[in-house]
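Residues per chain, in single letters:
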Amino acid sequence: MFLKSLNPIRRIKELAQELRRAREQRDQALQDKQRVERENARLREEIERLQKELEAAQRAARRQAAPFSRGQRKSHPKSPGRKPGAGYGTHHRRPVPERVDEEIPVPVPAQCPACAGPLTVERIEPQYQEEIVRRTWVRRFDIPICRCTQCGKRVQGRHPLQTSDAIGAAAVQVGPEAVTLGVLMNKLQGLPHADAAAILKQGFGLIMSRSGICRAIQRVARKAEATWHALRDAARRSQLAYMDETGWKVEAQLHWLWAVVTEQMTYCQILPGRGFAQAASILGAEYAGWLIHAGLQIYYKFLKAAHQSCAAHLIRRCRDLAEVATPTAARFPLAVKNLLEQGLGLRDRYLEQKITLHGLWTATGRLEAKLDRLLAKTYQDPANRRLAQHLRHERPYLFTFLYCPGLVDATNNLAERVMRILVMIRKNWGGNRTENGARTQAILTSVLCTARQQDQDIFHLLVDLLRSRQPKLLDTLLPEIDDANDIEGSESHRTNAGNRNAPRKSSGHDPHIPFPVCVDVLLSPMQQPAAPPIFSSG
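Residues numbered from 1 in each chain as written. Predicted model: local features only at pLDDT ≥ 70, side-chain atom pairs only at ≥ 80, totals over all residues. Heavy atoms only, no water.

Chemist: What should I look at first to understand the overall build of the protein chain in this one?
Modeler: If you tally the helices and strands in the protein chain, you get 14 helices and 8 strands. A buried classification covers 37% of the 538 residues belonging to the protein chain. Taking all contacts inside the protein chain whose residues are at least 6 apart in sequence as the whole, residues at least 24 apart take part in 65%. When the accessible surface of the protein chain is totalled, it reaches about 34,500 Å², and 53% of it is carbon and sulfur. (Helix = DSSP H or I, 4+ residues; strand = E, 2+ residues; numbered from the N terminus. Buried < 20%, exposed > 50% of the residue type's maximum accessible area, 1.4 Å probe, protein only. Contact = heavy atoms within 4.5 Å. Areas by Shrake-Rupley, 256 points an atom, 1.4 Å probe, with all protein chains shown as cover.)

In structure tokens, the structure reads:
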């Protein structure tokens, strides 16, 4: 009887425990449900935000009215312009013209505008107005047509201001200054042919068609072609070169516009590929100078060249990755960005003579060790894995500028500035319709950018070129051939690396700043050590 009385009590306890477990499971399920609902709400908000950003990006891609708009305005923006006071600096004014073409006396007012009283002249003050003349200047050349009395050959006279010997149906021509202005508007300012023709008509009363301007620009390119080839030869002899490329359409097909820039000249060429064959056709496969580029792997096939990978590209890539990554994933790109910025700071401190050469190289070794430790890790984020893989390849060429301070730049900015002009032109009219137009673009871009680098009067150069009877070499644009620019000088420079008593090359460097001879730098991936600890730039 006693055992029978215990069974209901045990059963009640078991039911109570089951009820308690059921309640705990219910509470846990409610918590899980609330957590999932919160996560779903967060994901919906994230999806809505990303959809808005995608729609905004798509609208911005279709509408180019304000490509540099920052979107949301600041609540308290700073006022534009410089601040008044001592910090403003020197106030610049237009200088008084050296030549006056017309003097206009201003009449004395009849009476005082305030009280109608008589006026007496106290002094005369000059005011100058610099104006353009909206007029087309027409020259007529009366050309003598002669015949040799001895051999009977026809001989025709030519004036220095003429640009052609054509007469008859081609007797009416456009002058060299008008053609040069068309070249500058189209190739330097990026105006389409129709806009250049409109400016000539509205500004100077000169009527030209789009095709007329196009053919005139091609004639200029044909006369400048010898200079273009000479610039390529100068680039191959250069001791240091910046190289970059960008997409370019020719006959609606993708080509690539390549640019090689030195301190004194620019050479451009439009080619149908983006490989080593195209790069070698410009610089030569045996190029043995210093080559600064954005890290495209085909450049490392220049086995005899010493390389510097652009630090600015990597800093921008790390910054962009950190902006879209999670806080944990953003640590790696931010750490790399910080190391590269520290390297730029070390370079500036050395050039300002705040640290010695030994201190510079010691600090560079510490930076390299920190980067090696970062690259030795394994990363879960796919973007970080791609960045780490790229950095492991670029590792020997990231800090070349610290082992050769003052000689090798840290960035590819010199070539990027040339590319910026071309990208603006590409936005205006897309590219070239023919191969002949692409060649014209490359020739004139090379000549115009080189003249701008050297601060030469490109207007005078092109006018003089057009007036020459035969195509001639613009030798004033070509850099001087000396040991500093000769590629053999670059070879001997690196051969004597590490020897402080070796002769040094002239490079325009400040003689008061210690200019080190570069330590040995790995020239290409083919020369990396077989068993690295991890890498070494020097």
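Chemist: Sorry, what's going on with the packing of aromatic side chains here?
Modeler: Two aromatic rings are characterised by how far apart their centres lie and by the angle between their planes. Evaluated as defined, the whole model comprises 8 aromatic pairs. Arranged with centres 6.4 Å apart and planes meeting at 85°, the rings of Trp258 and Tyr299 form a pair that is edge-to-face. Of this pair, Trp258 sits in strand 4 (residues 253–261) while Tyr299 is found in the loop between strand 6 (290–293) and strand 7 (306–309), placing the two residues 41 residues apart along the sequence. The two residues Trp258 and Tyr299 agree in class, both being buried. (Phe/Tyr/Trp six-rings, centres within 6.5 Å; stacked < 30°, edge-to-face > 60°.)

Chemist: Looking at this structure, how should I read a nonpolar patch on the surface?
Modeler: A surface patch of nonpolar side chains, amounting to about 410 Å² of accessible area, comprises Val108, Leu119, Val121 and Ile124. Tracing the backbone shows Val121 in the loop between helix 1 (2–62) and strand 1 (145–147). Classification of Val121 by relative accessible area gives exposed; the value is 54%. (Patch = residues over 30% accessible without salt bridge, like charges linked within 9 Å, V, L, I, M, F, W, Y side chains within 5 Å. Salt bridge = Lys/Arg side-chain N within 4 Å of Asp/Glu carboxyl O.)

Chemist: Would you take a moment to explain the pattern of salt bridges for this structure?
Modeler: Opposite charge on two side chains allows them to pair when their charged atoms are near. The final tally for this structure, using the stated rule, is 22 salt bridges. A salt bridge links Arg99 to Asp101; its shortest N-O distance comes to 2.8 Å. The class of Arg99 is exposed, set by a relative accessible area of 59%. Looking at Asp101, the relative accessible area reads 63%, which means it is exposed. The partner of Glu341 in a salt bridge is Lys337, and the shortest N-O contact between them spans 3.0 Å. Taken together, the residues Glu341 and Lys337, both in helix 7 (residues 331–351) and 4 residues apart, mark about one turn of the helix. On the accessibility criterion, Glu341 (34% relative accessible area) is partly exposed. Among the residues examined, Lys337 registers a relative accessible area of 18% and is labelled buried. Sharing partners across several salt bridges, the network here consists of Glu46, Arg49 and Glu53.

Chemist: Is there a simple way to think about the packing of helix 4 (residues 210–237) against helix 13 (residues 458–467) in this case?
Modeler: Pairs of packed helices are described in terms of their axes, by the angle between the two and the distance that separates them. Packing of helix 4 against helix 13 leaves a shortest axis separation of 10 Å and a crossing angle of 90°. What the angle tells us is that helix 4 and helix 13 run roughly perpendicular. Here Val220, Lys223 and Ala224 of helix 4 lie close against helix 13, whose contacting residues are Leu462, Leu465 and Leu466. Classifying every residue of the contact of helix 4 with helix 13 gives 5 nonpolar, no polar and 1 charged. (Axes fitted to C-alpha atoms, helices over the stretch in contact; angles between N-to-C directions. Parallel < 35°, antiparallel > 145°, perpendicular 65-115°, else oblique. Nonpolar A, V, L, I, M, F, W, Y, C, P; charged D, E, K, R; others polar.)

Chemist: Teacher, can you tell me more about the pairing of strand 4 here?
Modeler: The side chains of a regular strand alternate, first on one face of the sheet and then on the other. Counting buried residues along strand 4, 7 of its 9 residues qualify, which places the element largely inside the surrounding structure. Relative to strand 4, strand 3 (residues 240–250) is paired through 9 bridges, and the arrangement is antiparallel. In the sheet register, Tyr242 faces strand 4, and the bridge partner there is Val261. Adjacent in sequence and paired antiparallel, strand 3 and strand 4 are bridged by 2 residues, among which Glu251 carries a positive phi angle near 55°. Taken together, the 6 bridges between strand 4 and strand 5 (residues 266–271) define a ladder with antiparallel strand orientation. Bridging from a neighbouring strand, Trp258 pairs with Gln269 of strand 5. Hairpin connection of strand 4 to strand 5: 4 residues between the antiparallel strands. (Pairing = 2+ DSSP bridges.)

Interpretation note: all reported values are geometric properties and have no functional meaning in isolation.
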